[in-house]
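Spelled out, the chains give:
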Amino acid sequence: MCAEAIGEAHSHVVNVAARSLLCTCRACYLLFTDEHAELRYRSVPDRFLSFPGFRLERPLWDALEIPVGLAFFFRNSVMDRTVAFYPGPAGAAESELPMGAWDDVVAANPQLRALVPDVEAIIVRGPDGGRTGFECFLVPIDACYELVGGLRQVWRGFDGGQDARALIDRFFATAAARSRAAPPGARP
């Protein structure tokens with residue numbers, strides 16, 4: 001943003017109108033941290049939350065019309081709605097959520113209201129292998145796009161292959177290790 005050199009470990013901001021991420025130095029990142037200001041850019045926080053009591057039944061997941069078992073959801077403030085993306089061999093595919101389906105998920109899990117629009121996402125993974133229930137975390141939006149980019153590099157075949165599954169497993173293990181449990185209120 002300001003032409004200051006940045007290292008490999010750096011912060012990001014979201015260009016809200018363009019729906020894009022920008023790499024920033026620490027000073028530029030700090031300029032856009034006030035979530036209540038009307039700004040074109042928003043700093044991506046480094047917050048991870050888990051939802052130990054997360055409830056999602058298969059019929060409600062099916063109502064979201066996500067064709068795979070992994071998706072992330074975020075509130076787009078410009079569009080004034082929640083949007084969903086899921087990974088694939090070409091990157092992140094946007095899914096048009098049916099009206100009210102995501103609202104039903106949030107109604108069953110009010111802690112999901114902790115999500116900060118544009119800069120955080122709720123990532124959900126469905127049952128697979130030895131896991132019987134859905135897993136859910138609140139993560140920085142840039143973490144989701146990093147996962148999608150990593151999957152794009154290792155994707156093989158129709159379902160991604162074992163390297164893609166291993167990358168997803170590592171992502172969720174890291175999210176679990178970095179997360180604190182979301183408090184019972186709507187906005188921690």
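See the structure above.
A few points on the structure. (Residues numbered from 1 in each chain as written. Predicted model: local features only at pLDDT ≥ 70, side-chain atom pairs only at ≥ 80, totals over all residues. Heavy atoms only, no water.)

1. A few points about the packing of aromatic side chains
- In total, this model carries nine aromatic pairs according to the counting rule given.
- Ring centres of phenylalanine 72 and tyrosine 145 lie 5.4 Å apart, and the angle between their planes is 85°; on these two criteria the pair is classed as edge-to-face. Of the two residues, phenylalanine 72 is situated in strand β5 (residues 70–76) and tyrosine 145 in helix α4 (residues 141–154); the sequence distance between them amounts to 73 residues.
- What links up through ring pairs into an aromatic cluster is the set Phe72, Phe74, Phe85 and Tyr145.
- If you follow arginine 125 out to its NZ or CZ, it ends over the ring of phenylalanine 172, 4.4 Å from the centre. (Phe/Tyr/Trp six-rings, centres within 6.5 Å; stacked < 30°, edge-to-face > 60°. Helix = DSSP H or I, 4+ residues; strand = E, 2+ residues; numbered from the N terminus. Lys NZ or Arg CZ within 6 Å of the ring centre and 35° of its normal.)

2. Points about the sheet that holds strand β9 (residues 135–140)
- Strand order in the open sheet formed by seven strands is β7-β6-β5-β8-β9-β4-β10, and the pairing between neighbours is mixed. Only two strands of the sheet have a single neighbouring strand rather than two, namely β7 (91–95) and β10 (180–181).
- For strand β4 (residues 49–50) and β10, the ladder comprises two bridges, and the chain directions are parallel. Bridge pairing in β10 places leucine 49 opposite arginine 180. (Pairing = 2+ DSSP bridges.)

3. Re the side chain of asparagine 15
- Summarising the element assignment, asparagine 15 is placed in strand β1 (residues 11–15).
- For asparagine 15, the side chain forms a polar contact with the main-chain nitrogen of alanine 18, separated by 3.1 Å.
- Aside from chain neighbours lying at most four places away, what touches asparagine 15 is Ser20, Arg40 and Tyr41. (Polar contact = N/O pair within 3.5 Å; in protein donor to acceptor, adjacent residues only side chain to side chain. Contact = heavy atoms within 4.5 Å.)

4. A closer look at unusual backbone geometry
- In the Ramachandran plot, glutamate 65 falls in the positive-phi region, its phi being about 60° despite a non-glycine side chain.
- Assignment of secondary structure puts glutamate 65 in the loop between α2 (58–63) and β5.
- Among the residues examined, glutamate 65 registers a relative accessible area of 54% and is labelled exposed.
- In the Ramachandran plot, aspartate 80 falls in the positive-phi region, its phi being about 55° despite a non-glycine side chain.
- Along the polypeptide, aspartate 80 turns up in the loop between β5 and β6 (81–88). (Buried < 20%, exposed > 50% of the residue type's maximum accessible area, 1.4 Å probe, protein only.)

5. Some remarks on helix α3 (residues 101–108)
- Buried residues of α3: Ala101, Trp102, Val105 and Val106, and no others. The buried residues of α3 occupy one face: seen down the axis, they fall within an arc of 140°. Of the residues in α3, the exposed ones pointing more than 90 degrees away from the buried face are Asp103 and Ala107.
- Buried residues along α3 sit in contact with α2, β5, β6 and β8 (120–125). (Arc of directions from axis to C-beta.)

No statement about biological role is implied by the geometric values presented.
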